[in-house]
Amino acid sequence: MIHSSILDTIGRTPIVRINRLAPEGVEMYVKVEAFNPGGSVKDRLALAIILDAEARGDLKPGQMVVEATSGNTGIALAMVCAAKGYPFVAFMAETFSIERRKLMRAFGAKVILTPAAHRASGMVKIAEAYAQKHGAFLARQFDNPANPAYHRQTTASEILSDFAGRRLDWFVTGWGTGGTLTGVGEMLRVARPDVKIIAAEPAVASLLKGEEWHPHKIQGWTPDFIPNVLNQAVAHQILPVTDEVAREAARRLATAEGIFCGLSAGGTFATALDVAKQAKPGDVILAMLPDTGERYLSTFLFEGVNEGSDEEL
Ligand SMILES: Cc1ncc(COP(=O)(O)O)c(C=O)c1O
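A brief report on the enclosed structure follows. Numbering of residues starts from 1 in every chain and runs along the sequence as written. Where local features are concerned, this predicted model is filtered to residues with pLDDT of at least 70; where side-chain atom pairs are given and counted, the filter is 80 or more; whole-chain, interface and lining totals use all residues.

Here we look at the packing of helix α7 (residues 243-257) against helix α8 (residues 263-278)
For any two helices packed against each other, one specifies the inter-axial angle together with the distance between the axes.
Here is step 1 of the chain: The convention used is that axes are lines fitted to C-alpha atoms, helices contributing only their stretch in contact, and that angles between N-to-C directions extend from 0 to 180 degrees. Where helices and strands are cited, they refer to DSSP runs of H or I of at least four residues and of E of at least two residues respectively, numbered from the N terminus. Here α7 crosses α8 at 95°, and the two axes come no closer than 7 Å. One element, α7, and the other, α8, form an angle in the roughly perpendicular class. Every residue of α8 that contacts α7 at V245, A246, R247, A249, A250 and L253 is listed here: L263, A265, G266, G267, F269, A270 and L273.
Here is step 2 of the chain: Its residues assigned to classes, the contact of α7 with α8 comprises ten nonpolar, two polar and one charged. By the definition adopted for this analysis, an angle is roughly parallel if under 35 degrees, roughly antiparallel if over 145, roughly perpendicular if from 65 to 115, and oblique otherwise. What counts as a contact here is a pair of residues whose C-beta atoms, placed from the backbone, lie within 7 Å. Gly is placed with the polar residues, together with every amino acid not listed as nonpolar (Ala, Val, Leu, Ile, Met, Phe, Trp, Tyr, Cys and Pro) or charged (Asp, Glu, Lys and Arg).

Below is the structure:
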């Protein structure tokens, strides 16, 4: 298949059946966003925001693009900006993985680290001030309506088309900006009103349940505020998941299904396994897997994995 740009390969990600980890009587599927060229669901948002800004005339040829990001959005914007010729500057908390920083720099981006104590909301403010000072375009993933709009047009349409004429009872996703939850959730509520939408959150930061935010290890999930693009009326149920349970699920997806994904994907899949416990026989569950595990090799997700030889010669 010949494409005119790497950006044309964003989206149309595969939905894969879970064969060994699904409990008996329940059908489970995952949408594997690692197949995007930048390795995560955030490629969709990055392309959406840049295309929208170009169309509105908010982004001029060669103008600097700036964003506050937990990493995947930065990697995705770095890729889109490299392909389109915009300089890109990412502001990222120092707690996010080394792989994320190096990936962005590999795409030619500048990465500026912000102190962990500032949390996500502080990081956003620093990026805003920098963009204003340099006359840059600020992507504003947490506020930009192009984010959920693109999930309505692409992620949701792909799911509707792949499940056309097939049973689907549950859709499970976590949230970072809420773009996926809002875009897919809103479309499913209209087109497939019987599908129950489940939002997964870190157990220590269950903001949609009105609980207090505490630091968690699931990079990309649940900042310390509820973003403007997140439609809180979309989810039928909100389920908590711990860092450790998310890690176990991500590792089991790799070892039992051959699906290599990140910690938030593990959290989403663990939540889908919880949903399977309340599901009726024959129910079909779809879970989002937002990114690849390769950008977590230095993190909690693979802590304790042997780096030497597994057997002596
Ligand atoms: C690893 C990871 N998982 C999940 C999400 C959540 O996606 P969304 O921003 O659409 O809520 C993100 C994005 O922030 C992410 O980077």
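Past the structure itself, the notes keep going.
Some words on the sheet that holds strand β4 (residues 88-93)
Here is step 1 of the chain: Strand order in this open sheet of four strands is β5-β4-β3-β6, and the pairing throughout is parallel. With partners counted over all chains shown, the strands left at the sheet margins are β5 (110-114) and β6 (137-138), one partner each.
Here is step 2 of the chain: Strand pairing is assigned whenever DSSP detects at least two bridges linking the two strands. Relative to β6, strand β3 (residues 65-68) runs parallel, the two sharing two bridges. Paired with V66 across the bridge in β6 is L138.

A short note on helix α3 (residues 98-106)
Here is step 1 of the chain: Residues are called buried when their C-beta atom has 20 or more other C-beta atoms within 10 Å, exposed when it has 12 or fewer, and partly exposed otherwise; all C-beta atoms are positioned from the backbone. Buried within α3 are the following residues: R100, L103 and M104. For α3, the arc enclosing every buried residue in end-on projection is 95°, short of the 170-degree limit, so these residues lie on one face. Turned more than 90 degrees off the buried face of α3, the exposed positions are I98, K102 and A106.
Here is step 2 of the chain: In this structure, the buried side of α3 is in contact with α2 (72-84), β4 and β5. When we speak of the arc, we mean the arc of directions from the helix axis to the C-beta atoms.

So, to be careful, I would describe these as geometric facts and stop short of saying anything about function.
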